[in-house]
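Residues per chain are reported as follows:
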Amino acid sequence: MATSLLDTIRVLASFDPPRGSLRGAPWEEYVEWAIAQGLAPLASYNLQYRLPGVDAPDWVRDRLLSVYSGSVNDNVMKLVNFKRCVDELEGRKLLLIGAASFADTLYPHVAFRPVLELQLLLKRMDVEGFAGYLAQHEFRPEPNEPAHGALKVVSDGRTAIFLYADVLGAERRAEVQGIFDRARPMKMYGPSLFRPDLEDAVLLVCLEQAREGYQVPWLSFVDLRELMTGAKAMGGVYSRSVDVAVLLERAKAWKLERALYTSLSIVARLFPETAQALEPALPPLRRATRELLNRLVVQPASEPGKMSHIRGSERLRRLLTGQ
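Scope of this entry: the structure provided in the associated data block.

Here's the deal with the nonpolar core
Leu12, Trp27, Tyr30, Leu39, Val202, Leu227 and Met228 are the most contacted members of the largest nonpolar core, which has 87 residues in total. Among the elements that take part in this core, helix 8 (residues 198-211) stands out by supplying 9 residues, more than any other. If we ignore the near neighbours within four places in the chain, the residues touching Tyr30 are Leu5, Thr8, Ile9, Leu12, Ala43 and Leu64. Cys85, Val86, Leu120 and Val127 belong to the second largest nonpolar core, which has 27 residues in total.

Okay, structure coming up:
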């Protein structure tokens, strides 16, 4: 029986893939799509070690394995170089968010989670000072306008570092201060580096997805899947159950109830085994709002290649993020 693209994605994006044949899978379509979506390293590991008998062609294994090897080297280079830059920095509180924070807490191997860039959340008054500090390590401001909501972007030609501040808007700085107050230390990067607490990390992922109009690599939904299901493959700071009451309360205070609903609904559609666990965390939106979000965002974002910018997308972004 032929295997659909979505079926192939679900199997190869699992940390515990079901045994069985993938004969008839749309490999030509899947391979390049998985590479673009950041899912190739995890898929490669599954095919090489977890699912050796699933009838994947040799060219598929070879292509994905080359991406896996590149991901190992690239991640290690970026993270080791960053550690050298910040290891002796003292007296600050900088939050490492996104891929670099998740690679060692959600994924069983650092290669599974490609780190394309580093993202840090800072207090606004620290942005220019930290950028100046990074300049001592050959990081220079990018010439173009910062993208993805960042206040500033610096790069050494190999690694871009996105610096964020006031991510919830200027009127909710007290809520941002709460993120800093609850942050957990990342001792491996020295005394000044921290990462968000679990519920904050969930909402920051939802914020990023909404801010980008859900035009994000599907790897972001794997991040959210693991955050919401307790990072069972690991034993670290995010390997605990989400406090649903706290999550919903915080989503309301951050004006992210619609974004939380949308992001969790997408994860539940992509990975049906999570739907029951995620249901209690869905904010109680009005029926009309749910139907609108399901039609405009959840359904198209849950089908490979179907999500595209829609008319009024900026208005929708503001609806989702409260900004």
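Some words on empty space enclosed by the protein
Summed over all chains, the structure comprises 2 cavities of 30 Å³ or more. In this structure, the largest cavity is lined by 15 residues; those nearest its centre are Ile97, Gly98, Leu204, Val205 and Glu208. Elements with a minimum of two residues in the lining of the largest cavity: helix 5 (99-102) and helix 8. Here the lining of the largest cavity takes 6 residues from helix 8, the largest share from any one element. Taken together, the residues that form the lining of the largest cavity break down as 10 nonpolar, 3 polar and 2 charged.

Re the environment of Arg124
By secondary structure assignment, the location of Arg124 is in helix 6 (residues 124-135). The partly exposed category is assigned to Arg124, whose relative accessible area is 43%. Separated by 41 residues in sequence, Arg124 and Ala165 place their C-alpha atoms 5.2 Å apart. With near-sequence residues (within four places) excluded, Arg124 lies in contact with Leu151, Ala165, Asp166 and Arg173. Polar side-chain contacts of Arg124 include one of 2.7 Å to the side chain of Asp166.

A closer look at the layout of surface pockets
Size it by volume and the largest pocket reaches roughly 520 Å³. Taken together, 27 residues line the largest pocket, and the ones lying closest to its centre are Arg113, Leu116, Glu117, Glu208 and Pro217. Looking at the lining of the largest pocket, the elements that each hand over two or more residues are helix 2 (27-36), helix 4 (58-86), helix 5, strand 5 (160-164), helix 8 and helix 9 (219-228). Ranked by the residues each element gives to the lining of the largest pocket, the list is headed by helix 9, at 3 residues. Of the residues in the lining of the largest pocket, the class split is 14 nonpolar, 8 polar and 5 charged. Space inside the second largest pocket adds up to approximately 330 Å³. Taken together, 13 residues form the lining of the second largest pocket, with Ser14, Phe15, Arg225, Glu226 and Glu273 sitting closest to its centre. Residue classes in the lining of the second largest pocket are distributed as 4 nonpolar, 3 polar and 6 charged.

Some points on the pairing of strand 5
Burial analysis of strand 5 places 5 of its 5 residues in the buried class, the great majority of the element. On strand 5, burial covers both faces: Ala160, Phe162 and Tyr164 on one face and Ile161 and Leu163 on the other are all buried. Relative to strand 5, strand 2 (residues 118-121) runs parallel, the two sharing 4 bridges. Looking at the pairing, Leu118 lines up with Ile161 of strand 5.

A short note on the pairing of strand 4 (residues 152-155)
Here strand 4 shows no split at all, with Lys152 and Val154 on one side and Val153 and Ser155 on the other all buried. Between the antiparallel neighbours strand 4 and strand 5 lie 4 residues, among them Gly157 with a positive phi of about 95 degrees.

Looking at the packing of helix 8 against helix 11 (residues 257-270)
In the contact formed by helix 8 and helix 11, the axes pass within 9 Å of each other and the chain directions differ by 90 degrees. Classified by the angle between their axes, helix 8 and helix 11 sit roughly perpendicular to one another. In this structure, helix 8 uses Val202, Leu203, Cys206, Gln209 and Ala210 to contact helix 11, whose residues at the interface are Ala259, Leu260 and Ser263. Classifying every residue of the contact of helix 8 with helix 11 gives 6 nonpolar, 2 polar and no charged.

Reading the values: rules and limits
- Residues numbered from 1 in each chain as written.
- Predicted model: local features only at pLDDT ≥ 70, side-chain atom pairs only at ≥ 80, totals over all residues.
- Heavy atoms only, no water.
- Core = buried A, V, L, I, M, F, W, Y, C linked by side-chain atoms within 4.5 Å.
- Buried < 20%, exposed > 50% of the residue type's maximum accessible area, 1.4 Å probe, protein only.
- Helix = DSSP H or I, 4+ residues; strand = E, 2+ residues; numbered from the N terminus.
- Contact = heavy atoms within 4.5 Å.
- 1 Å grid on protein atoms, 1.4 Å probe; cavity = no way out; pocket = protein on both sides within 12 Å on 5 of 7 lines; lining within 4 Å.
- Points joined across faces, edges and corners; volume = space filled by probe spheres on them.
- Nonpolar A, V, L, I, M, F, W, Y, C, P; charged D, E, K, R; others polar.
- Polar contact = N/O pair within 3.5 Å; in protein donor to acceptor, adjacent residues only side chain to side chain.
- Pairing = 2+ DSSP bridges.
- Axes fitted to C-alpha atoms, helices over the stretch in contact; angles between N-to-C directions.
- Parallel < 35°, antiparallel > 145°, perpendicular 65-115°, else oblique.

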